[in-house]
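Residues per chain are reported as follows:
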Amino acid sequence: MNVPLLDLKAQFIPIKNEMMAAVENVFDSQYFILGPTVNNFEKETAEYIGAKFALGVSSGTDALIIALMALDIKPGDEIITTPYSFFATAGSIARLGAIPVFVDIDPETYNIDVSKIEEVITEKTKAIVPVHLYGQCVDIDPIITIAEKNNLFVVEDAAQAIGSKNKNRCAGTFGDFGCFSFFPSKNLGGAGDGGLVTTNDEKLYEKLVKLRNHGSHPKYYHPMIGGNFRLDALQAAVLSIKLKHLNKWHEGRRKNAGFYDSAFSASQQIVTPIILPENYSIYNQYVIRVPNRDEVFSKLKNANIGCDIYYPVPLHLQECFDYLGYKKGDLPNSENAANETIALPIYPELTDEQKQYVVDTVVKAVK
Ligand SMILES: *Cc1c(COP(=O)(O)O)cnc(C)c1O
């Protein structure tokens, strides 16, 4: 049997006609840059997420960049974040000349350990960038409290967490900004790159609108320097169609997670995802922890089961961040997670036979 990590064709086939009609509409209109298709999609996602404003942008990475630009993050500013995330979280901070300050993760949720944030706050600290990793919200309330107490901004990296909830509120509505990605492997994936920024603050939203288009307002007048951070109308058309199916896909992933959870519950060695009771996870990834990870990885590959490691090198140990001065052992929970975790196929269209095959193969490999 063959079980890919993700099968986007299985998702596409049932919605192909709907999708192609939406794409054709954009071609018929020849309105490719911003315009009504993008505006509609922004309204729909703002409503879906429960944010006052949503702005379509060119990628999840650019969502982070433009959010930090809107907060006037400057070279030398310190930004607190997690070392256990996709590179873009810290890369965006560093690209603005700011300094990523890494706080170790909670070993159970893999999200930033909130109890360790206050220790690293200095007079240079400007913001906290927590990540809702694998589709589970970080313990966000205490982060907002710490931010308010210390006058810091909060930019949520919700790239893996569209529709993920904490206490019935969606990721991306707690901080000053929520940043989302439509990279094809995310729960809501485009036909290429795309992203979104949410905010409840009208002034910040207006600033985002300018920054997305070279800081211009009105046209050809530039009160600030922005960039080309626009979402394509073709992407917005595709994403609008997919948004209608998103909750159903989340539920499919959650059902599959339930299947794995109970199938692995007898094992002493397999640690299944720990979801906080107040969270609704959208399982962008289903990540288990095993003692012999590298062996499990190669055995799954040999059995034609797609799997991956998110992430093999924590950000504080990346070569490009040598200048920050971290060394091995500084953030042990992240380092252990990088050595012991593996992501299994969780996409909604998995069949019971495929899931059972994954379970059997994993259980055998862990022994
Ligand atoms: C995917 C991702 C990003 C970047 O999104 P792109 O659309 O690929 O630029 C940022 N942060 C996290 C946590 C991600 O998973």
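What you see is a predicted model; the values in this text were computed from it and never measured.

Asks: In this structure, what is going on with the sheet that holds strand β10 (residues 279-280)? I would like to understand it.
Replies: Neighbouring strands of a sheet are bound in pairs by backbone hydrogen bonds; such pairs are parallel or else antiparallel. Read across the open sheet, the three strands follow the order β7-β6-β10; overall the sheet is antiparallel. Sheet topology places β7 (169-170) and β10 at the edges, where each strand pairs with a single neighbour. Bridge count for strand β6 (residues 165-166) against β10 is two bridges, and the pairing is antiparallel. Looking at β10, one finds that asparagine 166 is bridged to asparagine 279.

Asks: Please clarify how the domain arrangement of the protein chain should be interpreted in this entry.
Replies: How big an interface is tends to be expressed through the accessible area that disappears when the partners come together. In terms of domains, the protein chain is made up of domain 1 (8-243) and domain 2 (246-365). The junction of domain 1 with domain 2 conceals about 3600 Å² of combined surface from both sides, 57% of it contributed by carbon and sulfur atoms. The tally of links between domain 1 and domain 2 comes to zero salt bridges. Our enumeration of links across domain 1 and domain 2 arrives at 33 residue pairs in polar contact (both at pLDDT 80 or more). Those elements that provide at least two residues to the side of domain 1 that touches domain 2 are α1 (8-12), α5 (88-95), β3 (99-102), β6 and α8 (233-243). For the side of domain 1 that touches domain 2, the leading source of residues is β3, giving four residues. Along the lines of polarity and charge, the residues of the side of domain 1 that touches domain 2 split into 24 nonpolar, 13 polar and eight charged.

Asks: Honestly, the site of the ligand in this entry has me stumped. Any pointers?
Replies: The local shell around the ligand holds 15 residues, among which Gly60, Thr61, Asp157, Ser181 and Lys186 are the closest. Between the ligand and glutamine 160, the relevant distance is 2.8 Å, taken from an oxygen atom to a side-chain nitrogen or oxygen of the residue. Coverage of the ligand by the protein chains reaches 93% of its 380 Å² of free accessible surface. Mapped onto the shell around the ligand, the elements with two or more residues apiece are α4 (60-70) and α5.

Asks: What is the right way to look at the pairing of strand β9 (residues 195-199) in this model?
Replies: Residues in a regular strand point their side chains to alternate faces of the sheet. Within β9, five of the five residues are buried, leaving the element largely enclosed by the surrounding structure. Of the two faces of β9, both are covered, the one formed by Gly195, Val197 and Thr199 as well as the one formed by Leu196 and Thr198. Pairing of strand β1 (residues 53-57) with β9 involves five bridges; the strand directions are antiparallel. Following the sheet pairing, leucine 55 is matched in β9 by valine 197.

Asks: So what exactly am I meant to see when it comes to the packing of aromatic side chains here?
Replies: Two descriptors summarise a pair of aromatic rings, namely the distance from one centre to the other and the angle between the planes of the rings. For the structure on display, the rule yields 16 aromatic pairs. Between phenylalanine 27 and phenylalanine 32 the ring centres are 5.7 Å apart and the planes differ by 75°, which places this aromatic pair in the edge-to-face class. Phenylalanine 32 sits in the partly exposed class, given a relative accessible area of 27%. Taken together, a centroid distance of 5.9 Å and an interplanar angle of 20° make the contact between tyrosine 260 and phenylalanine 264 stacked. Taken as a pair, tyrosine 260 and phenylalanine 264 lie in helix α9 (residues 246-264) at a separation of four residues, close to a single helical turn.

What counts as what
Residues numbered from 1 in each chain as written. Predicted model: local features only at pLDDT ≥ 70, side-chain atom pairs only at ≥ 80, totals over all residues. Heavy atoms only, no water. Pairing = 2+ DSSP bridges. Helix = DSSP H or I, 4+ residues; strand = E, 2+ residues; numbered from the N terminus. Domains from an automatic or database assignment. Buried area = accessible area lost by both parts, 1.4 Å probe. Salt bridge = Lys/Arg side-chain N within 4 Å of Asp/Glu carboxyl O. Polar contact = N/O pair within 3.5 Å; in protein donor to acceptor, adjacent residues only side chain to side chain. Nonpolar A, V, L, I, M, F, W, Y, C, P; charged D, E, K, R; others polar. Near = heavy atom within 4 Å. Areas by Shrake-Rupley, 256 points an atom, 1.4 Å probe, with all protein chains shown as cover. Buried < 20%, exposed > 50% of the residue type's maximum accessible area, 1.4 Å probe, protein only. Phe/Tyr/Trp six-rings, centres within 6.5 Å; stacked < 30°, edge-to-face > 60°.

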